[in-house]
Amino acid sequence: MNIEELQSRCLQLEEQCRWLEQQNAELTAKLNWFMEQLRLSKRRQFGVSSERTASGYQQLSLFNEAEVEAQPDLPEPAVETITYQRRKQRGRREMVLDNLPVETVEYRLPEEERVCSCCGGPLHEMSTEVRQELQIIPARVKVVKHVRYVYSCHHCERNELTTPIVTAPMPAPVFPGSMVSPSLMAYIMNQKYGEGLPLYRQEQQFAHLGVELSRQTLANWVLHGANNWLALITIACMNTCLSGISCMPMRQPCRFSASRAGLLKPNRTSGSTAPGGTVLLLFSTTTRPPGPANTPAGSWQVL
């Protein structure tokens, strides 16, 4: 093999080496991309969704947070630190507690103990010492028995053919045939949708209070309250919003993302807005336009 062939062979090997290096770089980039996608997928599937840990924490403390954060030897601070130290403003705590009911408990000496230990003279009230505490009243369940009396006339019972019967008025039950009260139904629905407490957790809470209520019973009460009571409020609000305004039905298929809804703006082309400049989005499985005459329960829903 002569020199020209060796040089040609070296050029071929260099070209092949560059091509292999390029392929290696591309494959490495693809591998990193796939690894990143796998990591993101695992994070979406198994990672936390609502809780976030601060930087530097290796694991969220679930059970010993109080033990870690507590400092028994450290007295409660009499100053608050902003960028400098100063005494707390007087009355700030009272301003925070202004909207809470106040129960006053007074401690006085009995009459026989209001005697001076030095001269034996009577003692008078010189001043008071006030200490405030926050007290919470846990939920309690009680039975309310509704007794309605029926009245009749003794004279008519003895001397007349018919006797008028008068029944005392009584509030109608919120769910006929059930023992749920309006306050209990509102409490369950608020715990479910306002506080995010599932029905099985509420079932456990009621069991701790000594009341055995199944999850199916709670679900029936929630559905009855939504369909028979909240639906009336929704229809009344929708009729108020739709009264006196023009509607533009959109019958073509569309997609709606609640997370990207944000603040809706009025339609500048048609000028159809709800009172106060708010756009009301409705969806329905029927083709009837929304309005006071076409809003039966369950036919139109507000987004």
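Residues numbered from 1 in each chain as written. Predicted model: local features only at pLDDT ≥ 70, side-chain atom pairs only at ≥ 80, totals over all residues. Heavy atoms only, no water.

A.B. asks: Any chance you could explain the nonpolar core here in plain terms?
C.D. replies: Inside soluble globular proteins, nonpolar side chains tend to come together where they are buried. Val174, Val180, Met185, Ile188, Met189, Leu199, Phe206, Leu213, Leu218, Trp221 and Val222 together form the largest nonpolar core, which totals 11 residues. For this core, the elements supplying multiple residues, two or more each, are α5 (182-194), α6 (199-208) and α7 (215-242). Not counting the four nearest positions on each side in its chain, Leu199 is found in contact with Ile188, Lys192, Arg215, Leu218, Ala219 and Val222. (Core = buried A, V, L, I, M, F, W, Y, C linked by side-chain atoms within 4.5 Å. Buried < 20%, exposed > 50% of the residue type's maximum accessible area, 1.4 Å probe, protein only. Helix = DSSP H or I, 4+ residues; strand = E, 2+ residues; numbered from the N terminus. Contact = heavy atoms within 4.5 Å.)

A.B. asks: Is there a simple way to explain the pattern of salt bridges in this structure?
C.D. replies: Oppositely charged side chains can pair when the atoms bearing their charge come close. With the rule as written, the count across this model stands at seven salt bridges. Of the charged contacts, one joins Arg18 and Glu15 as a salt bridge, the two residues approaching to 2.6 Å between their closest N and O atoms. Of this pair, Arg18 and Glu15 both sit in helix α1 (residues 3-46), three residues apart, roughly one helical turn. For Arg18, a relative accessible area of 47% corresponds to the partly exposed category. (Salt bridge = Lys/Arg side-chain N within 4 Å of Asp/Glu carboxyl O.)

A.B. asks: Please explain the side chain of Gln202 as it appears in this structure.
C.D. replies: Within the secondary structure layout, Gln202 lies in helix α6. A residue is classified by how much of its surface remains accessible, and Gln202, at 1% relative accessible area, is buried. Polar contacts involving the side chain of Gln202 include one to the main-chain carbonyl oxygen of Ile188, which spans 3.3 Å. With residues near it in sequence (within four places) discarded, Gln202 still touches Ile188, Gln191, Lys192, Leu197 and Leu218. (Polar contact = N/O pair within 3.5 Å; in protein donor to acceptor, adjacent residues only side chain to side chain.)

A.B. asks: Please explain α7 as it appears in this structure.
C.D. replies: It helps to recall that an α-helix has 3.6 residues per turn; residues three or four apart then point in one direction. With 28 residues, α7 extends 38 Å from end C-alpha to end C-alpha; this agrees with the ideal 40 Å at 1.5 Å per step. Of all the bends found along α7, the most pronounced is centred on Leu230 and spans about 40°. When α7 is considered as a whole, its buried residues turn out to be Leu218, Trp221, Val222, His224, Gly225, Ala231, Ile235, Met238 and Leu242. (Expected span 1.5 Å × (residues − 1). Bend = angle between axes of the 7 residues up to and from the residue.)

A.B. asks: Would you mind going over α5 with me for this structure?
C.D. replies: Every buried residue of α5 is accounted for by Met185, Ile188, Met189 and Gln191. Around the axis of α5, the buried residues are gathered within 160° of arc, so they sit on the same side. Counted as exposed and oriented over 90 degrees from the buried face of α5: Pro182, Ser183 and Gly194. Looking at the buried side of α5, the elements it contacts are α6 and α7. The positive-phi residue at the C-terminal boundary of α5 is Gly196, with phi of around 70°. (Arc of directions from axis to C-beta.)

A.B. asks: Quick question: what am I supposed to make of the packing of aromatic side chains here?
C.D. replies: Geometry of an aromatic ring pair is reported as the spacing of the ring centres plus the angle between the planes. Applying the stated rule across the entire model yields two aromatic pairs. With a centroid separation of 5.0 Å and an interplanar angle of 75°, the aromatic rings of Trp33 and Phe34 are classed as edge-to-face. The exposed category is assigned to Phe34, whose relative accessible area is 52%. Note on Tyr187 and Phe206: the rings are 6.4 Å apart at their centroids and 75° apart in plane angle, and the pair reads as edge-to-face. (Phe/Tyr/Trp six-rings, centres within 6.5 Å; stacked < 30°, edge-to-face > 60°.)

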